[in-house]
Amino acid sequence: AGLEALRGLMERYEAIGDVRATGCFMAIEFVKDRETKERDLELQERVAWGCVRRGLLIDPSTTSLNIQPSLIMPVAELATVFDILDESIAGALSA
C-alpha cells in the first residue's frame, strides 16, 4: 500500500524525482528537475515542516524525505500519513 501511494504522489507532483520503499521504510526524493535529478532540499524541508504542523513526524535529515511509520500502525491509519504528505507537498509548492 505504501509504495503505491508514493507512486501516486510522484505522478501528481513533478517535484518528486524518485520514491522507494523497503518494508515499512519509505523515502521521497524532491528534485528541481526530473531529468537532471538535481535535489531540492529546500522544498524537502518545507514539506517536512508542513507534515510536522499537521501532526506527522518525518525525517528530512538526509537527501530524501524518510517516512518510518510504526510497525504496529493499522493499515487504515497509513492513509492518513499519505493525506498529510499530499497536503504538505501541495502547501510547500504553493508557498
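To be clear, the structure that these remarks concern was listed above.
Residues numbered from 1 in each chain as written. Predicted model: local features only at pLDDT ≥ 70, side-chain atom pairs only at ≥ 80, totals over all residues. Heavy atoms only, no water.

K.L.:
How would you sum up the packing of helix α2 (residues 41-53) against helix α3 (residues 75-94)? Please name residues and give values.
P.N.:
The axes of two packed helices give the description: the angle between them and the distance between them. Remark: α2 packs on α3, axes separated minimally by 8 Å, with the N-to-C direction vectors making an angle of 130°. Taken as axis vectors, α2 and α3 run oblique relative to one another. You can see that α2 and α3 cross each other, and the crossing is right-handed. Along its contact with α2, which presents Leu43, Arg46, Val47, Gly50 and Cys51, the element α3 presents Ile84, Leu85, Ser88, Ile89, Ala92 and Leu93. (Axes fitted to C-alpha atoms, helices over the stretch in contact; angles between N-to-C directions. Helix = DSSP H or I, 4+ residues; strand = E, 2+ residues; numbered from the N terminus. Parallel < 35°, antiparallel > 145°, perpendicular 65-115°, else oblique. Left-handed = near helix turned anticlockwise from the far one by under 90°. Contact = heavy atoms within 4.5 Å.)

K.L.:
An account of the nonpolar core is requested, with residue identities and associated values reported.
P.N.:
Membership of the largest hydrophobic core comes to 24 residues, with the highest contact counts inside it found for Ile28 and Leu85. Sort the elements by how many residues they give to this core and α3 lands first, with seven residues. Among all residues touching isoleucine 28, those that are not within four sequence positions of it are Leu6, Ile16, Asp18, Val19, Gln44, Ser64, Leu65, Ile67 and Leu85. (Core = buried A, V, L, I, M, F, W, Y, C linked by side-chain atoms within 4.5 Å. Buried < 20%, exposed > 50% of the residue type's maximum accessible area, 1.4 Å probe, protein only.)

K.L.:
So what's going on with the packing of helix α1 (residues 2-12) against α3? Which residues, and what values?
P.N.:
Taken N-terminus to C-terminus, the directions of α1 and α3 make an angle of 20°; their axes are 11 Å apart at the nearest point. In terms of their interaxial angle, α1 and α3 are classed as roughly parallel. Classified by chirality, the crossing of α3 by α1 is right-handed. For the pair α1 and α3, the contacting residues are Gly2, Ala5, Leu6, Leu9 and Arg12 in the first and Phe82, Leu85, Asp86 and Ile89 in the second. The residue makeup of the contact of α1 with α3, split by class, is six nonpolar, one polar and two charged. (Nonpolar A, V, L, I, M, F, W, Y, C, P; charged D, E, K, R; others polar.)

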